[in-house]
4 protein chains.
Amino acid sequence: MEQKAHSGWKHKLHEVIYEADTPAGKLFDIVLFVLIILSVILVMLESVDHIDAEHHKILLTLEWIITIFFSLEYIARIISIKKPWKYIFSFYGIIDFVSTIPLYLSYILAGSQVLLAVRAFRLLRVFRILKLVKFIGEASQLQSALKASRTKIAVFIYVVLILSVILGTLMYLIEGDEAGFTSIPTSIYWTIVTLTTVGYGDIAPQTPLGQFLATVIMVLGYGIIAVPTGIVTAEFSRGNKGEQSPGRRIHTNTQACPNCSVEGHRDNATHCYNCGHLL
Amino acid sequence: MEQKAHSGWKHKLHEVIYEADTPAGKLFDIVLFVLIILSVILVMLESVDHIDAEHHKILLTLEWIITIFFSLEYIARIISIKKPWKYIFSFYGIIDFVSTIPLYLSYILAGSQVLLAVRAFRLLRVFRILKLVKFIGEASQLQSALKASRTKIAVFIYVVLILSVILGTLMYLIEGDEAGFTSIPTSIYWTIVTLTTVGYGDIAPQTPLGQFLATVIMVLGYGIIAVPTGIVTAEFSRGNKGEQSPGRRIHTNTQACPNCSVEGHRDNATHCYNCGHLL
Amino acid sequence: MEQKAHSGWKHKLHEVIYEADTPAGKLFDIVLFVLIILSVILVMLESVDHIDAEHHKILLTLEWIITIFFSLEYIARIISIKKPWKYIFSFYGIIDFVSTIPLYLSYILAGSQVLLAVRAFRLLRVFRILKLVKFIGEASQLQSALKASRTKIAVFIYVVLILSVILGTLMYLIEGDEAGFTSIPTSIYWTIVTLTTVGYGDIAPQTPLGQFLATVIMVLGYGIIAVPTGIVTAEFSRGNKGEQSPGRRIHTNTQACPNCSVEGHRDNATHCYNCGHLL
Amino acid sequence: MEQKAHSGWKHKLHEVIYEADTPAGKLFDIVLFVLIILSVILVMLESVDHIDAEHHKILLTLEWIITIFFSLEYIARIISIKKPWKYIFSFYGIIDFVSTIPLYLSYILAGSQVLLAVRAFRLLRVFRILKLVKFIGEASQLQSALKASRTKIAVFIYVVLILSVILGTLMYLIEGDEAGFTSIPTSIYWTIVTLTTVGYGDIAPQTPLGQFLATVIMVLGYGIIAVPTGIVTAEFSRGNKGEQSPGRRIHTNTQACPNCSVEGHRDNATHCYNCGHLL
């Protein structure tokens, strides 16, 4: 049977690396989590000039250790899965690869500065390990509430963007170059800065009419923040009520199919709901 | 019968231009949508000095192509409708006209800068094409929730404005000219900047008393944002519950009456609910 | 009977000035509303130096017209009411008086600048005329929702203030004088500016530790805005449900008792609920 | 019996100091509250250079009075409780101690500036006295609503932080040193400043691409504020409905067990629910 063809140690390795319901799997996820966070902190410290100048050697050594660990982990992930190509070209497969190579590449290519900063995207890997934490139920609840209000939020952002373009153009016509409204794109940038109540102050209207329109934009922005809030809240309230209903069951099973890598199986599942493979 | 008097090709043209339930109608709307967005991007790029200097010819050529398309479309809209005057003086009729002429006018009138920026308002045309997208149901739900909380929001804005005038005057009395509070209108402008939590920082209180009052205004602004949010959210929650009730049916029919241009017909309508004309 | 003792024209005058359910009463309120708004705009324009310099005479003439109207109105209010002293020392009685005298006083006292700006508080009179507009039902609904969540909001503001003092002190210890954190009160001012997401930028942390703590304060402020919003929204939702219940009846009767000036009578009231006087 | 072993005057003292259901206990709490607020105001005033220079003597005298009162109170708290060590090493025990000693220490140690500012943390003591005010019910309701949405908020903050790191790194790569994005940590600081809509303006993007990404971050921040708000609101709404249910009873009993200091007893409790001691 197919299950047997997949040798025992590979299955074990798969369980450790891809799942989190065995002690070894949990430990692996914790170690990986810590290393990812560490590697991101390394990238940050390197970008601070005076720290990099003083401790360059230590930072590089640590980076090598992490890179080697990531390399081994990447190889292990490919070996332990049945359909390696599916993993390699999956979202997380690509991120895993990109997380691993920057240091190697920096010896081949010049201008490695940008390349090394790319390592910060290793943080994206953390989302996969989220399955470890018990927050998974809450997260999926958040997700489903946001998914349900997706179209409403899209309509809202659409209207906000059109408003920004029109108000930005108006401000460009009113204010002109002196106040910093040098072009329509800059003016739209300012409008969004104001509408979202961020308000840097690098550009600010000078004419009475411009200040009046700015005031209108602020009150508008202050008011329409109620719309996304209202949408999401209504969705959450609804979600709360239906929580016990069977249709809204939250999946807390952290297993991944060893054959096709699909996740989100029912808690009592023994076969993959996607390919029928034994879990 | 009246329907026959309206010749066949005009009816076809009407269906293509004004409606979105035939493939040709959908295609027309998509092309129009893309051209409107393109034309607005053109306006933006022209306003950036160094881009306009380098690529003036290309921008002008593209502008001519769009203007000619809009001109043809405007004529087609007038021909294909039964009561042209009603269209010409309708909201969208005027916007369509204003979207078309700026380039022509710029050859007659001097000081065309302002005139050309007016083209950005072509973006308003996009709202009509919204009927294409499937978001129409969501949008009308948003709209009805906002409409229901209209008066409450008006009362809220009214109170916020009175508060702003009174607090702005107080700040003018406390701070005076040095800190930038040069007049009561400027002071009110600052108060709204603070109350809506935008906070540019171009004007900031200097005296201890002024800073204390500023603090009060901030906490106030931070707190009263809860009011519009509460209003809209309560309305959304209510809307959610009544969603299935027949009185709150959302119209997703994109047909427009070929006789009187009215929209929002029932999904299974065969006659215009306004003038009885066949759809 | 007491009603007769109060002569007919005085009763008429009372109805016109204090109430809004006769055409004359409504007209009076509208005229008063326009004059108050006008007088506040006058104050604003006077505070703008170059406008005051150019149009001083016109502004002064208009101010005299408004002051004379307000004087006559104030006298009429005293004459037409049965218990003048009660009106004179009531909240609105004092505001009416303060709204009337600044111009007279400016001829007696020097340093009238502050005195004249006080006229902006005439705007407070507008709240009384609110009874004219049909928004009164909505306003009282807003009011009752806010009143119900009063204690919760007080607890919230209390916690926010304590947090601000403690975080402000910490920032003072971390940042010191160079970054603008010159004293603990200034530091607390900065903390509230940050916590409420206003963010002027006149003071900003410079040290890494200070920037880190600032980050924490921002995320905190970003998060706890949810609390007042949640409180008010929950209250509104509750209010919505109970809208039809008789206990939450909204008073839209704009009559005021001619004897004791109490307002808020039941819609079908014929006698004052406070003193039993005929309405 | 154990109750007798605890002598009468100690029991009285315990009731006055630790509880608030006798007149003396209430008075003590009010006096303590006023003194704490006063002592914090003293710290603030001392930090303002010109006030400290002019009134140093008065401030020092007042500080001595408060310190002596706090010293006596601290001793009384230790005497009147049965298990002093439990109090001394409790959260409030440590805060009480830290609130008392700074002035004494400033005579022993040099560099007392930092030490004296520590006195501001006396404000934390205020939270204990909260049991005096009748807001206690509301506060515990707020608390339980926040506690219920704890995990959801944690997930939310987690996602926000990861987003900040990734977007901050992107901005660092795009903008570079000139615009103020000197390192990745600074860039992340800026991203959080923008995402939370604080917007100082000390750092602002200069390149078109940077401004575009900034715009995206703002709209994102403007939108995701809906998430914590939605979570907390849904929780409050649920809390409101269950208010009458016996499982959600709010404890307004301010008594503390004289034996083990545990609080939160049922309103009609006569014995401590923790150790069985008589209340």
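What counts as what
Within any chain, residue numbers begin from 1 and follow the written order of that chain's sequence. Chain letters start at A and ligand numbers start at 1, both assigned in the order the entries are written. Residue-level local features of this predicted model are given only where pLDDT is at least 70; pairs of side-chain atoms are given and counted only at 80 or more, and the full residue set underlies all totals for whole chains, interfaces and linings. To get the side-chain values, all heavy atoms of the structure are used, and hydrogens and water are removed first. UniProt positions are given in the numbering used here, feature names are shortened, and annotations may be inferred rather than shown by experiment. The patches described consist of residues with a relative accessible area above 30% and no salt bridge, like charges being joined within 9 Å and nonpolar side chains (Val, Leu, Ile, Met, Phe, Trp, Tyr) within 5 Å. We get accessible surface area from the Shrake-Rupley algorithm with a probe of 1.4 Å; when it comes to residues, only the shown protein chains can shield them. Salt-bridge detection follows one rule: a side-chain nitrogen of Lys or Arg within 4 Å of a carboxyl oxygen of Asp or Glu. Secondary structure elements follow DSSP: runs of H or I no shorter than four residues count as helices, runs of E no shorter than two count as strands, and numbering proceeds from the N terminus. Only protein chains enter the accessibility calculation, which uses a 1.4 Å probe. A residue is then buried if its area is under 20% of the maximum for its type, exposed if over 50%, and partly exposed in between. Pairs were defined over the aromatic rings of Phe, Tyr and Trp, the Trp ring being its six-membered one, requiring ring centres within 6.5 Å. Orientation was assigned from the angle between planes: stacked under 30 degrees, edge-to-face over 60, tilted for the rest. A least-squares fit on C-alpha atoms brings the copies together, and the residues used are those whose pLDDT is at least 70 in both copies. Contact criterion: two residues are considered in contact whenever any of their non-hydrogen atoms come within 4.5 Å of each other. Buried area: the accessible area, evaluated with a 1.4 Å probe, that two parts lose upon being put together, summed over both parts. Pairing of N or O atoms within 3.5 Å defines a polar contact, subject to two protein rules: one partner must be a possible hydrogen donor and the other a possible acceptor, and residues neighboring in sequence count only if both atoms are side-chain atoms. Under the grouping applied here, Gly and all other residues not named as nonpolar or charged are polar, the nonpolar ones being Ala, Val, Leu, Ile, Met, Phe, Trp, Tyr, Cys and Pro and the charged ones Asp, Glu, Lys and Arg. Buriedness for pockets is judged along seven lines, at least five of which must meet protein on both sides within 12 Å for an open set on the 1 Å grid over protein atoms alone, while cavities are sets there where a 1.4 Å probe fits but cannot get out, and lining residues have an atom within 4 Å of a point. Grid points are joined across faces, edges and corners, and a volume is the space filled by probe spheres set on the points. Note that the domain bounds were set by an automatic or database domain assignment. Lines fitted to C-alpha atoms define the axes, with helix axes restricted to the stretch in contact, and inter-axis angles between N-to-C directions lie between 0 and 180 degrees. With respect to orientation, any angle under 35 degrees is reported as roughly parallel, any angle over 145 as roughly antiparallel, any angle of 65 to 115 as roughly perpendicular, and every other angle as oblique. What makes a crossing left-handed is the near helix being turned counterclockwise from the far one by less than a right angle; a clockwise turn instead makes it right-handed.

For chain A, the name recorded in an unreviewed UniProt entry is Ion transporter, with Flagellimonas marina as its organism. Its UniProt record gives chain A a comment under Subcellular location (unreviewed entry), which states: "Membrane".

This part is about a nonpolar patch on the surface. All names here are of chain A. On the surface, a nonpolar cluster with roughly 430 Å² of combined accessible area is contributed by Leu 60, Tyr 107, Ile 108 and Leu 109. For Tyr 107, the location among the structural elements is in helix α7 (residues 102-108). On the basis of relative accessibility, which here comes to 54%, the residue Tyr 107 falls in the exposed class.

Let's shift gears to the packing of aromatic side chains. Describing an aromatic ring pair means giving the distance of the ring centres and the angle of the ring planes. Taken as a whole and assessed by the stated rule, the structure comprises 36 aromatic pairs over all chains. For the ring pair Trp 190 of chain C and Tyr 200 of chain D, a centre distance of 6.4 Å and an interplane angle of 25° mean the geometry is stacked. Taken as a pair, Trp 190 of chain C in helix α12 (residues 184-195) and Tyr 200 of chain D in the loop between α12 (184-195) and α13 (208-224) lie in two separate chains rather than in one. In this structure, Trp 190 of chain C and Tyr 200 of chain D share a single accessibility class: buried. Seen from their ring centres, Phe 181 of chain D and Trp 190 of chain D are 5.1 Å apart, and the 70° between their planes marks the pair as edge-to-face.

Below, the discussion takes up the relation of the copies chain A and chain B. Between the two copies, chain A and chain B, the superposition gives an RMSD of 0.1 Å; the rotation angle is 90° and the shift along the axis is 0.0 Å. Both chain copies can therefore be described as sitting about a four-fold axis. With a heterologous cut-off of 20% or less, the 17% of interface residues of chain A that recur at the interface of chain B puts this contact in the heterologous class.

Further remarks concern the relation of the copies chain A and chain D. Superposition record for chain A on chain D: RMSD 0.0 Å, screw rotation 90°, translation along axis 0.0 Å. Residue by residue, only 17% of the interface of chain A is reproduced at the interface of chain D, so the copies engage with different surfaces.

Turning next to the interface of chain A and chain D. At the junction of the two partners, chain A supplies 47 residues and chain D supplies 47 residues. When chain A packs against chain D, close to 3900 Å² is buried across both sides, 75% of that on carbon and sulfur atoms. Scanning the region where chain A abuts chain D turns up zero salt bridges. The interface formed by chain A and chain D includes five residue pairs in polar contact (both at pLDDT 80 or more). Taken together, the elements giving at least two residues each to the side of chain A that touches chain D come down to α3 (23-47), α8 (112-117), α9 (126-129), α10 (136-148), α11 (150-175), α12 (184-195), α13 (208-224) and α14 (226-241) of chain A. The residue makeup of the side of chain A that touches chain D, split by class, is 31 nonpolar, eleven polar and five charged.

The next thing to look at is the UniProt feature "transmembrane region" (unreviewed entry) in chain A. Residue and element names in this part refer to chain A. The positions that UniProt labels "transmembrane region" (unreviewed entry) are, in the present scheme, residues 27-45, 57-75, 87-108, 153-174, 180-200 and 212-231. Split by type, residues 153-174 is 100% helix and 0% strand. Its first and last C-alpha atoms lie 31 Å apart. Spanning residues 212-231, this segment combines 95% helix with 0% strand, and its end C-alpha atoms are found 30 Å apart.

Moving on, we get to the pattern of salt bridges. On inspection of all chains with the given rule, the structure shows 24 salt bridges over all chains. As a salt-bridge pair, Arg 125 of chain C and Glu 73 of chain C come within 2.6 Å of each other at their nearest N and O atoms. Taken as a pair, Arg 125 of chain C in the loop between α8 (112-117) and α9 (126-129) and Glu 73 of chain C in helix α4 (residues 49-80) lie far apart in primary sequence, 52 residues in all. Like Arg 125 of chain C, the residue Glu 73 of chain C is buried in the burial classification. Of the charged contacts, one joins Arg 119 of chain D and Glu 46 of chain D as a salt bridge, the two residues approaching to 3.1 Å between their closest N and O atoms. On the criterion of sequence distance, the pair formed by Arg 119 of chain D in the loop between α8 (112-117) and α9 (126-129) and Glu 46 of chain D in helix α3 (residues 23-47) is long-range, its members being 73 residues apart. Judged by relative accessible area, Arg 119 of chain D falls into the buried class, the value being 1%. For Glu 46 of chain D, a relative accessible area of 17% corresponds to the buried category. A single network of salt bridges, built from pairs that share partners, joins Glu 73, Arg 77, Asp 96 and Arg 125 of chain A.

Residues and elements named next belong to chain B. Relative to the helices and strands, Ser 71 is located in helix α4 (residues 49-80). The class for Ser 71 is buried, based on a relative accessible area of 13%. Contacts of Ser 71, omitting those with residues within four sequence positions, involve Thr 100 and Tyr 104.

Bringing the interface of chain A and chain B into the picture now. Quite often, the size of an interface is put as the accessible area lost when its parts meet. The partner chain B presents 47 residues to the 47 residues of chain A that form the contact. When chain A packs against chain B, the two sides together hide about 3900 Å² of surface, and 75% of this comes from carbon and sulfur. Contact with chain B buries surface across chain A, with Lys 152, Met 218 and Tyr 222 of chain A losing the most and accounting together for 18% of the total. Counting across the interface, chain A meets chain B through zero salt bridges. Connecting chain A to chain B are five residue pairs in polar contact (both at pLDDT 80 or more). Counting only elements with at least two residues in the side of chain A that touches chain B, the list comes to α11, α12, α13 and α14 of chain A. No other element matches the 13 residues that α11 of chain A contributes to the side of chain A that touches chain B. Along the lines of polarity and charge, the residues of the side of chain A that touches chain B split into 28 nonpolar, 14 polar and five charged.

Further remarks concern empty space enclosed by the protein. A full pass over the atoms with the stated rule returns twelve cavities of 30 Å³ or more. When its volume is computed, the largest cavity comes out at roughly 70 Å³. Considering the residues around the largest cavity, the lining is formed by Thr 197, Tyr 222 and Ile 225 of chain A, Thr 196, Thr 197 and Ile 225 of chain B, Thr 197 and Ile 225 of chain C together with Thr 197 and Ile 225 of chain D. Within the lining of the largest cavity, the residues separate by chemical class into five nonpolar, five polar and no charged. For the second largest cavity, the full set of lining residues is Ile 225 and Thr 229 of chain A, Ile 225 and Thr 229 of chain B, Ile 225 and Thr 229 of chain C together with Ile 225 and Thr 229 of chain D.

Domain boundaries in chain A define domain 1 (2-130) and domain 2 (136-243). Relative placement of domain 1 of chain A and domain 2 of chain A: their C-alpha centres are 37 Å apart.

All names here are of chain C. Where helix α2 (residues 8-18) meets α4, the closest approach of the two axes is 9 Å, and the angle between their N-to-C directions is 125°. Comparing their axes, α4 and α2 come out oblique. Crossing geometry of α2 relative to α4 is assigned as left-handed. Contacts from Trp 9, Lys 10, Leu 13, His 14, Ile 17 and Tyr 18 in α2 reach Ala 76, Arg 77, Ile 79 and Ser 80 in α4. Taken together, the residues of the contact of α2 with α4 break down into six nonpolar, two polar and two charged.

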